[in-house]
Amino acid sequence: MSAGPAGRPGAAGLDAATGGPGGDPAAARIGVERAAALRRLAIDTLDGNWEHDHTVPSRTLYPHQWSWDSAFIAVGLAHIRPDRAWRELRTLFAAQWADGRVPHIVFNPALPVGSYFPGPEFWDSARAHDAPAAATSGIVQPPIHAPAAWLAHRRAPSEASVRALGWLYPRLVAQQRYLTGRRDVGGSGLACLVHPWESGLDNSPAWDAPMAAVPADAAVMRAYRRHDTAHADAAQRPTDLDYARYVAIVAAYRAGGYGDAGLAGRHPFLVECPLLNAALGAAEHALARIAAVIGADPGPHRERAARITAALVDRLYDPITGTFHPRDLRTDRLIPARTVLGLMPLILPDLPARQVRAVLAEACSPRFGLAARMDRPLTTHDRTAPDFEPVRYWRGPSWLNTSWLLWRGLRAHRRPDLAAGLRESMLALVARNGCHEYFHPDTGAGLGSPAFSWTASLALDALAES
């Protein structure tokens, strides 16, 4: 299916993309045909990005395996290729570190040195005592893998899926133990980011203040070759100064062998993130369900989930702004930027009613524009903020993964009206503009990499569930 012109994913979007209800039989027929075309586009994208035992995010910008990409991808693969969904997760967790961390990149050894920056030679994971034999990065991403595994099993339950859950379960538990143990730098019961990349929202305005305290010079990047700006417009990507700081933070962590002891006294970037910790709590809820299937005790997971939710509300919710904010552990202050990160705790089924109401009010405000009938896609940063940038990576564009997480949260908290509006917007965005990495928050035009795997995968999941 060729992508149509950029346009507003407005009220007709769901009918156009999925063949939803309508009084015109001809329009209904066209809707069914377009839904089939969207499904075919998504399947072709995932098939085209399959790399023998995992799926690359894209063939251009991201030639290796990424952690939370694989989790999102497994959700969509479960609808069409369940065996690949489980292989995706198994391949990722085969590279888990001995301390339980799941690295944010697992490098493909078949690719030549220099094919991606920062590559395996930069991370030099072999220097770390707990690293696996495979070359990986030394940092993590949000732990959405347990929810992804549960959704994959629920979509296509079988003896094979139960066996896969049994293999994954102790590894998922180890991932949780690492994050709630070694990464609880603040001693609050929450996990801490040691790099903006760990949030998945690399250059979000949420990181501007803590990043400004990291000494770096953009000229440092002259020593490196960025591959992202070779495949996408530099105006759509993080700046060289951003990258210089990213490099400096990795260098600091690498110098300590990627160890987490004593981080508070030596590491330049330490932040408690709403998304990371909401995912941590959601993972415990998913693990409780998985435990019940494989014959383990779900009780401890439910208890840990409750503690994480309570700590998240206590540490990261601001009753004045009525939303969640990251906490900079260097200053022990909440970061004031209002980003999509503040909406992500809605994925927690036990989020208290007061915070649910506040997050919904924030999401439905002009800052983000959630509605039962959406005129424009959900943004990743406050539309009304002076530093809103509609085409630069995580500083304004619309991404399907954060929209999908919010959509799941809306369903869990029984807001079918808002969930339907967001789903309509998501599907119309992809149907009209293709499986891009991210999208212009006003026109819907595709940005970043084309043929992006998690966009295809999550469109499949949204398409399958009304």
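All of the points below concern the structure found in this document. A quick note: this is a predicted structure, and the numbers were derived from the prediction, not measured. For every chain, the first residue of its written sequence is number 1, and the numbers climb from 1 along that sequence. Restriction of local features to residues with pLDDT of at least 70 applies here, the model being predicted, together with a cutoff of 80 or more for giving and counting side-chain atom pairs; totals for whole chains, interfaces and linings are based on all residues. Water and hydrogen atoms play no part in the side-chain values, which are based on all heavy atoms of the structure.

1. Here we look at the packing of aromatic side chains
Right, on to step 1. Between the rings of Phe, Tyr and Trp (Trp by its six-membered ring), a pair exists once the centres lie within 6.5 Å; its type follows the angle of the planes, with under 30 degrees stacked, over 60 edge-to-face, and the other angles tilted. In the structure shown here, the tally under the stated rule is 26 aromatic pairs.
Right, on to step 2. Seen in terms of ring centroids, tryptophan 394 and tryptophan 399 are 3.8 Å apart; in terms of plane orientation they differ by 10°. Their pairing is stacked. The same class applies to tryptophan 394 as to tryptophan 399, namely buried.
Right, on to step 3. Put simply, the rings of Tyr62, Trp66, Trp68, Phe72, Tyr116, Tyr393, Trp394, Trp399, Trp404, Tyr438, Phe452 and Trp454 pair up and form one aromatic cluster.
Right, on to step 4. A positively charged side chain is recorded as over a ring if its NZ (Lys) or CZ (Arg) lies within 6 Å of the ring centre. The angle to the ring normal must also be within 35 degrees. Lying over the aromatic face of tryptophan 167, arginine 90 brings its terminal NZ or CZ to 4.1 Å of the ring centre. Residue burial is assigned from relative accessible area. The probe radius is 1.4 Å, only protein chains are included, and a residue is buried under 20% of its type maximum, exposed over 50%, and partly exposed in between.

2. Points about the sheet that holds strand β7 (residues 327-328)
Right, on to step 1. Two strands are said to pair when DSSP picks up at least two bridges between them. Secondary structure follows DSSP: runs of H or I at least 4 residues long count as helices, runs of E at least 2 residues long count as strands, and numbering of each begins at the N terminus. Taking strand neighbours across the sheet as the criterion, the four strands line up as β3-β4-β7-β8 in an open arrangement whose pairing is antiparallel. Edge positions in the sheet fall to β3 (192-193) and β8 (333-334), since each of these pairs with one other strand and no more.
Right, on to step 2. By the bridge criterion, two bridges tie β7 to β8 in an arrangement that is antiparallel. Pairing of arginine 327 across the sheet is with leucine 334, part of β8.

3. Concerning the packing of helix α3 (residues 67-80) against helix α17 (residues 453-464)
Right, on to step 1. At a minimum axis distance of 8 Å, the contact between α3 and α17 shows a crossing angle of 45°. The angle between the axes of α3 and α17 places the two elements in the oblique class. For the pair α3 and α17, the crossing hand works out as left-handed. Residues Trp68, Asp69, Phe72, Ile73, Val75, Gly76, Leu77, His79 and Ile80 of α3 pack against Ser453, Trp454, Ser457, Leu458, Leu460, Asp461 and Ala464 of α17.
Right, on to step 2. In this count, Pro and Cys sit with the nonpolar residues alongside Ala, Val, Leu, Ile, Met, Phe, Trp and Tyr, while Asp, Glu, Lys and Arg are called charged and the others, Gly among them, polar. In the contact of α3 with α17, the residues fall into 10 nonpolar, four polar and two charged. To get an axis, fit a line to the C-alpha atoms, keeping to the stretch in contact for a helix; angles then go from 0 to 180 degrees between the N-to-C directions. In this scheme, roughly parallel covers angles under 35 degrees and roughly antiparallel covers those over 145, while 65 to 115 is roughly perpendicular and the rest are oblique. Crossing chirality is assigned from the near helix's rotation relative to the far helix, an anticlockwise turn below a right angle marking it left-handed and a clockwise turn marking it right-handed. When checking whether two residues touch, look at their non-hydrogen atoms; a contact exists if any pair is within 4.5 Å.

4. Things to note about the side chain of serine 204
Right, on to step 1. Looking at where serine 204 falls in the secondary structure, it is placed in the loop between β3 and α8 (208-212).
Right, on to step 2. Discounting chain neighbours no more than four positions away, the residues touching serine 204 are Thr339, Leu341, Trp394 and Arg395.

5. A short note on the environment of glycine 186
Right, on to step 1. Take glycine 186: it is sitting in the loop between α7 (159-180) and β3.
Right, on to step 2. By relative accessible area, which is 40% here, glycine 186 ends up partly exposed.
Right, on to step 3. Residues glycine 186 and leucine 263 lie 77 residues apart in sequence; the distance between their C-alpha atoms is 9.9 Å.
Right, on to step 4. Excluding residues within four positions of it along the chain, glycine 186 makes contact with Glu272 and Leu329.

6. Some words on helix α10 (residues 240-255)
Right, on to step 1. By definition here, a helix of n residues has an expected span of 1.5 Å times n minus one. With 16 residues, α10 should reach 22 Å at 1.5 Å per residue; the first-to-last C-alpha distance of 22 Å fits that figure.
Right, on to step 2. Of all the residues in α10, the buried ones are Asp242, Tyr243, Ala244, Arg245, Tyr246, Val247, Ile249, Val250, Tyr253 and Arg254.

7. A closer look at the nonpolar core
One broad trend across soluble globular proteins is that nonpolar side chains are buried collectively.
Right, on to step 1. Throughout, nonpolar core names a set of buried Ala, Val, Leu, Ile, Met, Phe, Trp, Tyr and Cys residues whose side chains join them through atoms within 4.5 Å. With 142 residues, the main nonpolar core has Trp207, Leu370, Trp404, Leu406, Leu410 and Leu422 as its most contacted residues.
Right, on to step 2. When residues in this core are grouped by element, the largest group, 11 residues, is from helix α12 (residues 274-294).
Right, on to step 3. In this view, tryptophan 207 contacts Leu193, Pro196, Ser199, Leu201, Asp202, Phe269, Val271, Cys273, Pro326 and Leu341; residues no more than four positions away in its chain are not counted.

8. A word on the layout of surface pockets
Right, on to step 1. Looking at the largest pocket, its volume works out to about 540 Å³.
Right, on to step 2. In the cavity and pocket records, a cavity denotes points on a 1 Å grid over the protein atoms alone where a 1.4 Å probe fits but cannot get out, a pocket denotes an open set with protein on both sides within 12 Å along at least 5 of 7 lines, and lining residues are residues with an atom within 4 Å of a point. Pro147, Leu151, Arg289, Ile347 and Arg408 are, among the 22 residues lining the largest pocket, the residues nearest its centre.
Right, on to step 3. Going through the elements one at a time, α3, α6 (145-155), α12 and α15 (400-412) are the ones with two or more residues in the lining of the largest pocket.
Right, on to step 4. Counting residues per element, the lining of the largest pocket draws most heavily on α15, at six residues. Grid points are joined across faces, edges and corners, and a volume is the space filled by probe spheres set on the points.

9. Details of the pattern of salt bridges
Right, on to step 1. Criterion for a salt bridge: a side-chain nitrogen of Lys or Arg within 4 Å of a carboxyl oxygen of Asp or Glu. Overall, the coordinates contain 29 salt bridges when judged by the stated rule.
Right, on to step 2. We note a salt bridge from arginine 182 to aspartate 99, for which the minimum N-O separation is 3.8 Å. Residue arginine 182 is located in the loop between α7 and β3, and its partner aspartate 99 is located in the loop between α4 (82-93) and β2 (105-106); the two are separated by 83 residues in the primary sequence.
Right, on to step 3. Judged by relative accessible area, arginine 182 falls into the partly exposed class, the value being 46%.
Right, on to step 4. For aspartate 99, a relative accessible area of 11% gives the class buried.

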